[in-house]
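Structural features, examined
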Amino acid sequence: MRRWKKHEERAADEETSEPVVERRRRWPRLRDSLVVLGSVSCVVWQFAVTNESGAKWRGGRRGAAGREHCIVPKSTKRRFYAYPANAKFGAALIKRGWRQVRDAKNAQIVWHQKKGEIPWDRLRCWQRPNHLRGEWEIGNKKKLIETLRRGDASAYLPESYVLERATDRAQFVKAVWSEPQGSTPSWVIKVPHLDGGKGVEVLFADQARAMVAAGLEEHESKVAQRYVTDLLLIDGRKFDLRVYWAVASLKPPLVLYHDGTLRVSLERFDSANHTKSQHLTNAAQQAGGHDAAKSSELSRRPMSALWDLLATVADDPEAARARIECSIRTALASIWTAHAAFFRNKLEKGQREADAFVLFGADFMVDQSFRVYLSEVQSGPGLPTNTKAVRKLMSTMIPHLADIVTFLHGTQTKAEDRHRSALPRTNFELLVNDSTVLESHWCRT
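Description of the structure in this document. Here the structure is a predicted model, which means the values were calculated and not measured.

**Observations regarding the sheet that holds strand β9 (residues 185-190)**
The sheet built from four strands is open, its strands ordered β8-β11-β9-β10 with antiparallel pairing. In the strand order of this sheet, the two ends are held by β8 (160-162) and β10 (201-204), each with one partner. Pairs of neighbouring strands in the sheet enclose a mean axial angle of 20 degrees, with direction left out of account. Relative to strand β11 (residues 223-226), β8 runs antiparallel, the two being bridged by three bridges. Bridge assignment links V162 to a residue of β11, and that residue is V223. Relative to β8, helix α6 (residues 166-178) is tilted by about 135 degrees, and along the sheet it contacts β8, β9 and β11. Running over the sheet, helix α7 (residues 205-213) touches β9 and β10 and is turned about 100 degrees from β10.

Here it is as structure tokens:
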């Protein structure tokens, strides 16, 4: 027994990258099996070590490769942890026969609305968190711009500059001084890590020149983007599209799209007006905010409102819709492709969970020629219910996400077979299957 204790301590020192667990004090069961590969025969030694939670590691290799063979303990199967406890996703899991637990270590699915609350250092190989390691990379506006402008997704970005970079600052200064004075906004200045319209400045040409003349030292942590001036308006108001997309699995990557809603400013648009709330569509910038009792139903509208608008402003409404639908899906697939290797590497280096899933948001603007511009990507988007349009959306999207997640992570045992499986029928549309970007039917219209 003394010898086995020393063996445990030595193994813990050698495997610092894996979850440190107190193994049962018994010798590993060893068995040998004959494996025949063509005319070559070899003996493969296999072992199974049971950890404190009952999970078994199978296979003769350790680390990331061994995690793929991690078996879910019976005591945690079809159990989930959610914070806040009344999370909508948790309610959807309960309706599908899953049981809610109070301690995350006893859950197969770990759901936190805020990515910073995921207990990354305590996750087990068989647990599935609803966020990705390094997720801030895609939600941070500076990082997003730097990544996207190196690839195909740059076509969907407005003219953008990362002001901490000397070359970008020089180009931004040149652009500011070369544009004529006018009565319309010219630039939008954003703080990379803030959302909800916080830290956003809408600058007219004279304001941008004054900022440049005073020096950009105070703004070097920010990004600058060209203000898109010829956007479509609905009832004389600015709007953008908040859509959703999910990474249902990283092994292999399965990326899906879901329609969203129109976020509409409550103020009529006047290009000469300096009021921030009429230029931004964030709920936090509108009267009532996310308060259901105070919010106006006009601030969120279903996607059908955009298609109705096209019927009145487009010569060919169907072609205009196809261009918008195709552009959004193509942009999201390009965004994922640009980040796929980063997230896969983060998962492997984490040496904890064997897979994960996440729901993202994305905001798009549409101009009068029906060109689509990406405004930003939301990491851990809010799931509001303050208006009729968003309540109806959430009542279907969240249960459908639960169907997909429980199918992939609750019943499937082999990650390598997921891209071959027929996903449950939902309102989500598959965009990326493993390494293949699928062509949407909207892009063939």
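**Section: unusual backbone geometry**
For the bond running from Y83 to P84, omega is 0 degrees, close enough to zero to count as cis. Along the chain, P84 falls in the loop between β4 (79-83) and α3 (88-95). In this model, K251 is joined to P252 through a cis peptide bond whose omega is -5 degrees. Along the polypeptide, P252 turns up in the loop between β13 (237-250) and β14 (253-264). Phi is positive for F370, close to 70 degrees, though the residue is something other than glycine. As for its placement among the helices and strands, F370 is situated in the loop between β16 (358-366) and β17 (372-379). What makes F370 buried here is its relative accessible area of 15%. If you check the backbone angles, D434 has positive phi at about 60 degrees while not being a glycine. A relative accessible area of 31% means that D434 is categorised as partly exposed.

**Some remarks on the pairing of β14**
For β14, the buried fraction is high: eleven of the twelve residues fall into the buried class. Note: β13 against β14, ten bridges, orientation antiparallel. Its bridge partner lying in β14, V247 is registered against V255. Linkage of β13 to β14, two consecutive antiparallel strands, is achieved through a turn of two residues. Of the strand pairs in this sheet, β14 and strand β18 (residues 429-433) are connected by four bridges, and their pairing is antiparallel. Residue pairing for β18: L256 is matched across the bridge by L430. For β14 and strand β15 (residues 300-302), the ladder comprises three bridges, and the chain directions are antiparallel. From the neighbouring strand, T261 faces β15, where its bridge partner is P302.

**Some words on empty space enclosed by the protein**
Gaps between atoms show up when a probe of the same size as a water molecule is rolled over them. What the rule picks out here adds up to eight cavities of 30 Å³ or more. Put simply, the largest cavity is a space of about 360 Å³. Taken together, 27 residues form the lining of the largest cavity, with K190, H279, L280, M365 and S375 sitting closest to its centre. Here the element with the most residues in the lining of the largest cavity is β13; it accounts for three residues. Considering only residue class, the lining of the largest cavity consists of eleven nonpolar, seven polar and nine charged. In this structure, the second largest cavity spans a volume of roughly 80 Å³. For the second largest cavity, the full set of lining residues is W111, H112, Q113, N130, H131, V358, L359, G380, P381 and L383. Sorting the residues of the lining of the second largest cavity by element identifies β6 (109-112) and β16 as the ones contributing at least two each. Looking at the lining of the second largest cavity, its residues break down into five nonpolar, five polar and no charged.

The rules behind the values
Residues numbered from 1 in each chain as written. Predicted model: local features only at pLDDT ≥ 70, side-chain atom pairs only at ≥ 80, totals over all residues. Heavy atoms only, no water. Pairing = 2+ DSSP bridges. Helix = DSSP H or I, 4+ residues; strand = E, 2+ residues; numbered from the N terminus. Axes fitted to C-alpha atoms, helices over the stretch in contact; angles between N-to-C directions. Contact = heavy atoms within 4.5 Å. Buried < 20%, exposed > 50% of the residue type's maximum accessible area, 1.4 Å probe, protein only. 1 Å grid on protein atoms, 1.4 Å probe; cavity = no way out; pocket = protein on both sides within 12 Å on 5 of 7 lines; lining within 4 Å. Points joined across faces, edges and corners; volume = space filled by probe spheres on them. Nonpolar A, V, L, I, M, F, W, Y, C, P; charged D, E, K, R; others polar.

In short, the description is geometric, and any link to function would need to be established separately.
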